[in-house]
Each structure stands twice: as structure tokens, then as C-alpha cells.
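Per-entry structural report
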Amino acid sequence: MSIKQIESVKEFGGFLTRHTHESTSCSCEMTFSVYLPPLAENEKVPAVYWLSGLTCNDDNFRTKAGAQRYASELGIALIIPDTSPRGDNVPDKADRYDLGKGAGFYVNATQAPWADHYQMYQYVTEELVLVAEANFPIIPGVRSVTGHSMGGHGALICALKNPDMYRSVSAFAPINNPINCAWGKGCFGAYLGDDQSTWDEYDATKLIANGAKPLPTLIDHGLDDEFLADQLLPANLEAAAEQVEFPITLRMHEGYDHSYHFISTFIGEHLAFHEKALRA
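About the thresholds
The numbering scheme is per chain: residues are counted from 1 as the chain's sequence reads. Only residues with pLDDT of 70 or above have their local features reported here, since the model is predicted, and side-chain atom pairs are shown and tallied only from 80 upward, although totals for entire chains, interfaces and linings are computed over all residues. Note that the side-chain values use all heavy atoms of the structure and ignore hydrogens as well as water. Strands here mean DSSP runs of E at least two residues long; helices mean DSSP runs of H or I at least four residues long; both are numbered from the N terminus. C-alpha atoms define the radius of gyration in this analysis, and the globule rule sets the expected value at 2.2 Å times the number of residues to the power 0.38. Partly exposed residues are those whose accessible area sits between 20% and 50% of the maximum for their type, while under 20% is buried and over 50% is exposed, using a 1.4 Å probe and protein chains only. Note on contacts: a residue pair qualifies if any of its non-hydrogen atoms lie within 4.5 Å across the two residues. Two residue types count as positive, namely Lys and Arg, and two as negative, namely Asp and Glu; His and chain ends fall outside the count. For this purpose, a charge sits on NZ of Lys, CZ of Arg, CG of Asp or CD of Glu. What we call a nonpolar core is a set of buried Ala, Val, Leu, Ile, Met, Phe, Trp, Tyr and Cys residues that are connected through their side-chain atoms within 4.5 Å. Pairing of aromatic side chains requires ring centres within 6.5 Å, counting the rings of Phe and Tyr and the six-membered ring of Trp. Pairs whose planes differ by under 30 degrees are stacked, by over 60 edge-to-face, and all others tilted. Sitting over a ring, as applied to charges here, requires NZ of Lys or CZ of Arg to be within 6 Å of the ring centre and within 35 degrees of the ring normal. Throughout this description, the term salt bridge denotes a Lys or Arg side-chain nitrogen within 4 Å of a carboxyl oxygen of Asp or Glu. Starting at the helix axis, one direction is taken to each C-beta atom, and the arc is that of these directions. For the purposes of these results, a polar contact is taken to be a pair of N or O atoms within 3.5 Å, where, inside protein, one atom must be able to donate a hydrogen and its partner to accept one; residues adjacent in sequence count only when each atom of the pair is a side-chain atom.

1. Quick notes on the overall build of the protein chain
Scanning the protein chain from N- to C-terminus turns up 9 helices and 9 strands. Relative to the globule expectation of 19 Å for 280 residues, the C-alpha radius of gyration of the protein chain, 17 Å, shows essentially globular dimensions. Overall, the protein chain is about 50 × 40 × 35 Å in size when its C-alpha atoms are taken along their principal axes. The 280 residues of the protein chain split such that 58% are buried. Sequence-distant contacts in the protein chain: of pairs separated by 6 or more residues, those separated by 24 or more amount to 72%. Seen as two clouds, the 20 positive and the 36 negative side-chain charges of the protein chain have centres 5 Å apart.

2. Some points on the nonpolar core
Within the largest apolar cluster, 91 residues are counted, with the highest numbers of intra-cluster contacts made by Phe 61, Leu 78, Phe 105, Leu 160 and Tyr 191. Per-element tally for this core: the top contributor is helix α3 (residues 120-135), with 8 residues. Ignoring any residue separated from it by four or fewer positions in sequence, one finds Leu 160 in contact with Ala 204, Leu 207, Ile 208, Ala 212, Leu 215 and Phe 246.

3. Section: the packing of aromatic side chains
Counted by the stated rule, this structure contains 14 aromatic pairs. When the centroid spacing of 5.9 Å and the interplanar angle of 75° are considered together, the rings of Tyr 121 and Tyr 202 count as edge-to-face. In this pair, Tyr 121 sits in helix α3 while Tyr 202 sits in the loop between α5 (182-192) and α6 (204-209), placing the two residues 81 residues apart along the sequence. Taken as a pair, Tyr 121 and Tyr 202 share a single burial class, namely buried. Ring geometry for Tyr 256 against Phe 262: centres 6.0 Å apart, planes inclined by 40°, an arrangement best described as tilted. Residue classification places Tyr 256 among the partly exposed residues on the basis of a relative accessible area of 28%. Through a chain of ring-to-ring contacts, three or more aromatic side chains come together here, namely Trp 50, Phe 61, Phe 172, Tyr 256, Phe 262 and Phe 266. Across from the ring centre of Tyr 121, 5.2 Å away, lies the NZ or CZ of Lys 161, which sits over that ring. A cation over an aromatic ring shows up here: Lys 161 above the ring of Tyr 202, its NZ or CZ 5.2 Å from the ring centre.

4. Points about the pattern of salt bridges
For the structure on display, the rule yields 11 salt bridges. A salt bridge links Arg 86 to Asp 82, with the nearest nitrogen and oxygen atoms 2.8 Å apart. A residue is classified by how much of its surface remains accessible, and Asp 82, at 5% relative accessible area, is buried. Because the salt bridges share partners, they merge into one network encompassing Glu 7, Asp 59 and Arg 62.

5. What to know about α5
Within α5, burial applies to Trp 183, Gly 184, Cys 187, Phe 188, Ala 190, Tyr 191 and Leu 192. Projected down its long axis, α5 carries its buried residues within an arc of 170°, all on one side. On the buried face of α5, the contacting elements are α4 (150-161) and α7 (228-232). Backbone geometry just after α5 places Gly 193 at a positive phi near 95°.

6. Considerations on the side chain of His 153
Secondary-structure assignment places His 153 in helix α4. Within the local environment of His 153, its side chain forms a polar contact with the backbone oxygen of Phe 105, the two atoms lying 2.9 Å apart. Beyond its immediate sequence surroundings of up to four residues, His 153 is in contact with Phe 105, Pro 174, Ile 175, Pro 178, Phe 188 and Tyr 202.

7. Digging into unusual backbone geometry
Each neighbour pair has its own omega, and for Ala 112 with Pro 113 the value is 0°, a cis peptide bond. Position of Pro 113 relative to the elements: it lies in the loop between β5 (77-81) and α3. Even without glycine at this site, Tyr 106 takes up a positive phi of about 60°. Mapped onto the fold, Tyr 106 is located in the loop between β5 and α3. The phi dihedral of Leu 233 falls on the positive side, at around 50°, and the residue is not glycine. Residue classification places Leu 233 among the buried residues on the basis of a relative accessible area of 13%.

8. Concerning the side chain of Ser 170
Mapped onto the fold, Ser 170 is located in strand β7 (residues 169-172). Within polar-contact distance, the side chain of Ser 170 engages the side chain of His 270 at 2.9 Å. Setting aside chain neighbours within four positions, we find Ser 170 in contact with Val 145, Thr 146, Gly 147, Ala 155, Leu 218, His 270, Phe 273 and His 274.

So, in C-alpha cells, the structure goes:
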């Protein structure tokens, strides 16, 4: 559980810190950031975990989304992990942005050479939670999860596979049905192998269709998102949810794209959505 603080910045009355630790899940040093609101100086607070997208690390969200202002006002902590294992010994595909470092896809890899390090599902749902709750003034067990793109996919599968672990889930432009898009097929084939029946457990559309337990769910997409039709496939998830009467709020926003301009516009609404569930 030992962590090393490498940065601390005061923001909106609270503190944004950055940390490293030796991960047993990913067998490498991992980096994550934490924002603690002013309320955390006097009492433990609930936490929202943010999962970032392809090519990102923990720095993208904490510098671009504008989330700390809202977290300060709402009295919630933000836990912001990296998107993949890192280090000289971690396998990578330097010629691809959608596989390897920066593209952990929040699965537990089973195939060589990825399996030794690419255990991001276990890292997010088990190890990071233990590290966060052991080292920061966070209420044990009172948590929600959100994310963007690949991280939106990660947030959805983490919550759908563990509905009693999270109070709510939200996502910005998530990869809703990865088994049917190029990003998902490329990573799942590499990380999980050729047996596509093993892919379903990491696909939000399949999890809902197969009877995942409902929890408060909010998904936002921009209608000008260049990846909407070919990679994100929200209609597939919406159809699965309607078929099994899974309650979900899916909003489509005119003019917005896939970028942090989109995220920063609606991040306040997402954190308020989570705060309501966290304090219910």
C-alpha cells in the first residue's frame, strides 16, 4: 500500500496531488492523481473514479476537464489512474496508438506478451481502490465511476460487472460495443485471444443484454463526434437496454465532438449526478 507523492497543487480550496506506487496487478510502477476537496480536511468524503481514453494518462483529465471546481463544491474526491501499465519492460506497439501503452482497455489480458502487465481491470476495481481508501480520507465503499471513450467503456464494464461496488456510473462518448468496432476488435484480439466468447464479459452492450443488474447510468455523446458511427455504436447499447428494460439516460448533444471541450461542458452535470447517488 506504500505510495510516493510526486506533486501537490492547491486548487479551489483543496489539493490536487500525484502519486506513484509499485503495482502488484500490473507488475510495474503506476501513476495516479487525486483531488481532495476542502471538506476532506475535516471528514472522509465519497469518491468518483475517472478512467481516461486512448493515448491519455492521468494528466489529461486533471488539466483539461475543469472537474476540480465542481468536486470542491460538491465535497467529493476524484481518483484518476493512468490508462495502462508503463515502463521499459512493459510490452508496447509503438506504431499503434490503439494498442499497448496508453491503450490498456481496462481488461485483464490473457495472451502473451500482454498478460504479465496488462491487468487494468483488476487494477481499477481492486488494487487502486485499496490504495486510495488506505491512503486518503475517502469513505470506504462509497464510490462511483466515470470516464471517456476507452475509459467510458472501462467505467461501464467495471460498474456493470460490479453493480454493488459502485453507486452510479457515467460515460462521455464511450465505446459501447467494442466487440463490433475496430478499436475493440484490435485490442481484444491481442489481449484476450481469438476465442471471441471471452470478449463478451468486457462489452457493455453484451453485459446489459445478458442481464447485468441496473444502477444509475448516464451516457453523453456528441453528434459531431467523428467516431460515433464506426467506433462508439451507442445505438447498439440503447437497443440492448430497451430489450431488457435496463434504465439508462442516453443523451445526444448537437454540435459536440469527441474532445475535452465536450467533456468540460458537461462534467459538472456528471459529478452532480454522481454526488446525488453517493449521498442517497
